[in-house]
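For reference, the chains in residue letters:
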Amino acid sequence: MMIDKRLLGEARKVRLFLAFTVGLGLAAGLIVVLQAASLARVVNQVYLQGRNLKEVWPLLIMLLGLIFLRAILAWGSEVLSHRAAARIKGDLRRQLLQRLFALGPLHVRGERTGELVNLMTEGIEALEDYFARYLPQLALAAIIPLTILVFVFPIDLTSGLILFLTAPLIPFFMILIGKWADHLTKRQWGHLSRMNAHFLDVLQGLTTLKLFGKSKAQITVIARISNEFRKTTMGVLRVAFLSALVLELLSTISTALVAVALGLRLVYDRISFEHAFFLLLLAPEFYLPLRLLGNQFHAGMAGVTAANRIFAVLQTPLPKTGDRQEGLQPETQLLRISFKEVGFTYPGGDRPALQGVTFDLRAGERVALVGPSGAGKTSIANLLLRFADPGEGIIEVNGIPLQQIPADQWRRLISYVPQHPYLFYGSVADNILLGRPGASMDQVREAAELAGAHEFIMKLPRGYDTPVGELGLRLSGGQARRLALARAFLKDAPLLILDEATAGLDPASEQVIQEALERLMQGRTVLVIAHRLSTVYRADRILVLAGGKVVEQGRHQELVDMKGLYYRLVTAYRGEAV
């Protein structure tokens, strides 16, 4: 049987709903017995005892009431089971999001976005039938047949033995065919995930594909992937239909055996007509829960296949962290940060990104990080943002080990302005309010004015209420960066990390943003990941990185006079960038 202990653990959270679901199903099973008994009695009284309509009318009314009651119980069971499934799905979605947030961008960057989206949507939805149909039906497939046997054995031992001995054949063949379908179901899920991931990659890279004249070629690729998914889906459906055929055939043959046995004894007057008809009516109902379980078996298999990937993410180890002391945080006005022999290697990496990095970032100081690509600049920023913790050495903030400060509390003290800020779907005001969700609109406007964004915002169709982001208005790179600066002004954090916010802009936009940056950096501790010489000139100190180590540090002219790596970088870029 497709029973997953991890999914059963989730089912325990809604065990009351599932218990009521099974209870209503059992009650419906008992009503089936009463319904069969009532119908057998009516037929017996009318055709053998010659009763008229008036005499059997009470039994017919009771039979009609039982039919309605059975329908109501079935409806109630369906509602409760789907409500339980909805709660579990919602809880698993929250767990997945929380785990992805806890793993951080370094882990998510190694995943295919389309596959994660498929997991959050189709993967979670695949569990609907598992919890709403398969698990309750699994319980009912064991309980209802046993309940029916309790009524059958006292009346006719032979019929009871036929039912008892043939019943295990249905789950046996169901499992036998299911093992064949398991491989196909896993392939189907793999093809679906790859198709979603590839399609999202194509959409996100459409500009590049058009530029290189490869966009039409992707039609063939997507068609091929879609065809592979179609083939695996049809394979799964073929097995499902084959399984249904086998189960229907077994239950039909078994019911026929009961009918033949009853007919022979009825001919020789060894059983009454009423009892024989009652048992004949119960025989299909005895096999019905087992047949329904067979129908839901493939839904359960799809749910378990999706669950394997879901729990693979949920059980991914979190980044290594030290012992944290809740509530411990440094003074928020002046931050002094010290890197002491810090080493770091990315998960799965074959060489260290940082090796023995030691430097101080003094309170109120502006420090620039420069160096060739892969030198370790971004790694230092990731460690400061607590997207990862050092593998070696220690980072201290005002003398307190950074790993002892809860990550959420620490990030409240940081403003980060990336080179390519992300705008979420929502209004302009919503995107600025990410800096401080509880801020007033007056504070939002003040932050936008300081960032040089207020003027262009007021020219938008709906001002601060204009939708932007994935499904809203597309802003230019310079406008998006000014909104990111407005977030930083609104947050007003003592530590500012800049990833060259002026790179790639036209002169007019660069001047506006540079002036806003000067205002933003006043009175803060600033770390700049520098790519342009204009930014480095203004730094109080420059750290030159190479091979994950700090090889030089000092002011601009001091480093130029040393004629080391910094000098070579300046010379290579002809004084325009480093």
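Residues numbered from 1 in each chain as written. Predicted model: local features only at pLDDT ≥ 70, side-chain atom pairs only at ≥ 80, totals over all residues. Heavy atoms only, no water.

1. Some words on the sheet that holds strand β6 (residues 414–417)
Consideration 1: Reading across from one edge, β6-β9-β10-β3-β11-β12 is the order of the six strands in this open sheet, with mixed pairing throughout. Every other strand in the sheet has two partners, leaving β6 and β12 (549–554) as the edge strands with one partner each. The mean inter-strand angle of the sheet, taken between neighbouring strand axes irrespective of direction, is 20 degrees.
Consideration 2: Sheet analysis places strand β9 (residues 495–498) next to strand β10 (residues 525–529), joined by four bridges and oriented parallel. Bridge pairing in β10 links L496 to V526.
Consideration 3: Its contacts with the sheet put helix α12 (residues 377–384) on β3 (366–370), β6, β9, β10 and β11 (541–546), and the angle it makes with β10 is roughly 145 degrees.
Consideration 4: Those strands touched by helix α21 (residues 565–572) are β3, β11 and β12, and its axis lies near 90 degrees from that of β11. (Pairing = 2+ DSSP bridges. Helix = DSSP H or I, 4+ residues; strand = E, 2+ residues; numbered from the N terminus. Axes fitted to C-alpha atoms, helices over the stretch in contact; angles between N-to-C directions. Contact = heavy atoms within 4.5 Å.)

2. Here we look at the nonpolar core
Consideration 1: The biggest cluster of nonpolar side chains holds 62 residues, and the ones touching the most others in it are L7, L96, F131 and L282.
Consideration 2: At 17 residues, the largest contribution of residues to this core is made by helix α11 (residues 273–314).
Consideration 3: Here L96 is in contact with L119, M120, I124, I310, V313 and L314, once residues within four sequence places are set aside.
Consideration 4: One finds A451, L475, L490 and I513 within the second-largest nonpolar core, a separate group that totals 48 residues. (Core = buried A, V, L, I, M, F, W, Y, C linked by side-chain atoms within 4.5 Å. Buried < 20%, exposed > 50% of the residue type's maximum accessible area, 1.4 Å probe, protein only.)

3. Remarks on the packing of aromatic side chains
Consideration 1: Using the criterion set out here, one finds seven aromatic pairs in the structure.
Consideration 2: Centroid distance Y130 to F131: 5.3 Å. Interplanar angle 80 degrees. Geometry classified as edge-to-face. The residues Y130 and F131 share a single accessibility class, namely buried.
Consideration 3: Look at F286 and Y287: their rings are 5.1 Å apart centre to centre, the planes differ by 90 degrees, and that puts the pair in the edge-to-face class. For the pair F286 and Y287, a shared accessibility class is recorded, and that class is buried.
Consideration 4: Aromatic ring contacts, followed pair by pair, group Y130, F131 and Y134 into a single cluster. (Phe/Tyr/Trp six-rings, centres within 6.5 Å; stacked < 30°, edge-to-face > 60°.)

4. Thoughts on the sheet that holds strand β5 (residues 400–401)
Consideration 1: In space, the four strands of this open sheet follow the order β2-β1-β4-β5, with antiparallel pairing throughout. Looking along the sheet, the strands with just one partner apiece sit at the ends: β2 (354–361) and β5.
Consideration 2: The pairing of strand β1 (residues 337–344) with strand β4 (residues 392–397) spans five bridges and is classified as antiparallel. Within the sheet, the bridge partner assigned to G343 lies in β4 and is E392.

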